[in-house]
Amino acid sequence: ACRGYSRVLDMATGEVRTWLDLVPGGTVHHVAADDSYVYAAGGGKFLAFDPQAEKTELELDLSVSAMVVAPSGEVVGTGGGQVFVFSPAKMEVTHRAANPLGDFTHLCTASDGKLYGINPSRIGRIVPGSWQIEQVAAEGGKFLAPDQQGRLYFGRGSRVLRLRLGGPEE
């Protein structure tokens, strides 16, 4: 069950709901959502929270450094040197594998349907289904945002850089 919540402001009515203490220590470090659940991670925990029922449906001991909902509906994340795939339909982690590129600090889905992750030293691609991980750039940074033309934008210090998914771009 949800450890606590308070109501503050809803777009239609002006009311918002704030849920408190979903993860141990109260600090949510990562969040992703689909039409049914909000997935949150922090304090070494991963949880699936049903905002309609205001209830935590599942809580797992899982280190998470980044996560995203894949086009297939699975939640894909990295942490503890691994990549994991969580199936909301089965309510369980269905795949784990070592991440040869190291933990990503941000994950996103690009227009090609693949997942891309970044850490300080590289950018990688995760292929949905096979969950194969491959390096696409030997440089990294923070944050990662795709556009519809097949380019990734990422930050490094005071600069924003662009990488074309088909190859480097100036």
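Rules used throughout
- By convention here, each chain's residues receive numbers from 1 onward along its written sequence.
- For this predicted model, a pLDDT threshold of at least 70 governs which residues receive local features, and a threshold of 80 or more governs which side-chain atom pairs are given and counted, while totals over whole chains, interfaces and linings are taken from all residues.
- Only hydrogens and water are removed before side-chain values are computed, so all heavy atoms of the structure are retained for them.
- Under the scheme used here, helices are H or I runs from DSSP no shorter than 4 residues and strands are E runs no shorter than 2 residues, and both carry numbers assigned from the N terminus.
- We call two residues in contact when some of their heavy atoms are within 4.5 Å.
- To be clear on the numbers: accessible area is Shrake-Rupley with a 1.4 Å probe, and residue cover counts the displayed protein chains and nothing else.
- One bridge is not enough; two strands pair if DSSP finds at least two bridges between them.
- Each axis is a line fitted through C-alpha atoms, taken for helices only over the stretch in contact, and angles between the N-to-C directions span 0 to 180 degrees.
- Aromatic rings from Phe, Tyr and Trp, taking only the six-membered ring of Trp, are treated as a pair when their centres fall within 6.5 Å; an angle between ring planes under 30 degrees marks them as stacked, one over 60 as edge-to-face, and anything in between as tilted.
- Buried, partly exposed and exposed residues are distinguished by accessible area as a fraction of the type maximum, computed with a 1.4 Å probe on protein chains only: under 20%, between the cut-offs, and over 50%, respectively.

1. Concerning the overall build of the protein chain
- Counting its regular elements, the protein chain contains 0 helices and 17 strands.
- Long-range contacts, defined as pairs at least 24 residues apart, comprise 30% of the intrachain contacts of the protein chain with a sequence gap of at least 6.
- With an accessible surface of roughly 9000 Å², the protein chain has 50% of that area assigned to carbon and sulfur atoms.

2. A short note on the sheet that holds strand 10 (residues 92-98)
- The strand order across the open sheet built from 4 strands is 7-8-9-10, with neighbouring strands paired in antiparallel fashion. Each edge of the open sheet is held by one strand with a lone partner, namely strand 7 (66-69) and strand 10. Along the sheet, successive strands turn relative to each other by an average axial angle of 15°, direction set aside.
- The pairing of strand 8 (residues 75-79) with strand 9 (residues 82-87) spans 5 bridges and is classified as antiparallel. Its bridge partner lying in strand 9, T78 is registered against V83.

3. Brief notes about the packing of aromatic side chains
- Counted by the stated rule, this structure contains 5 aromatic pairs.
- Look at Y39 and F86: their rings are 6.1 Å apart centre to centre, the planes differ by 65°, and that puts the pair in the edge-to-face class. With Y39 in strand 4 (residues 38-42) and F86 in strand 9, this pair connects stretches of sequence that are 47 residues apart. As far as the burial class goes, Y39 and F86 line up, both buried.
- Judged by centre distance (5.9 Å) and plane angle (75°), the ring pair of F46 and F84 falls under edge-to-face. Highlighted residues: F46 in strand 5 (residues 45-50) and F84 in strand 9, separated in sequence by 38 residues. With respect to class, F46 is no different from F84; both count as buried.

4. Here's the deal with the environment of Q52
- Topologically, Q52 is positioned in the loop between strand 5 and strand 6 (55-61).
- Using a relative accessible area of 74% as the deciding quantity, one classes Q52 as exposed.
- Along the chain, Q52 and S36 lie 16 residues apart, while their C-alpha atoms are 8.2 Å from each other.

5. Side note on the pairing of strand 7
- Here 4 bridges tie strand 7 to strand 8, and the two strands are oriented antiparallel to one another. By the bridge assignment, V69 is partnered in strand 8 with V75.
- Connecting strand 7 to the next strand, strand 8, in antiparallel fashion are 5 residues, including G73 with a positive phi near 95°.

6. Focus on the sheet that holds strand 4
- The strand order across the open sheet built from 4 strands is 3-4-5-6, with neighbouring strands paired in antiparallel fashion. Edge positions in the sheet fall to strand 3 (30-33) and strand 6, since each of these pairs with one other strand and no more. Put simply, the sheet's adjacent strands are angled 15° from each other on average, direction ignored.
- Where strand 4 and strand 5 come together, 5 bridges link them in antiparallel fashion. Pairing of A41 across the sheet is with F46, part of strand 5.

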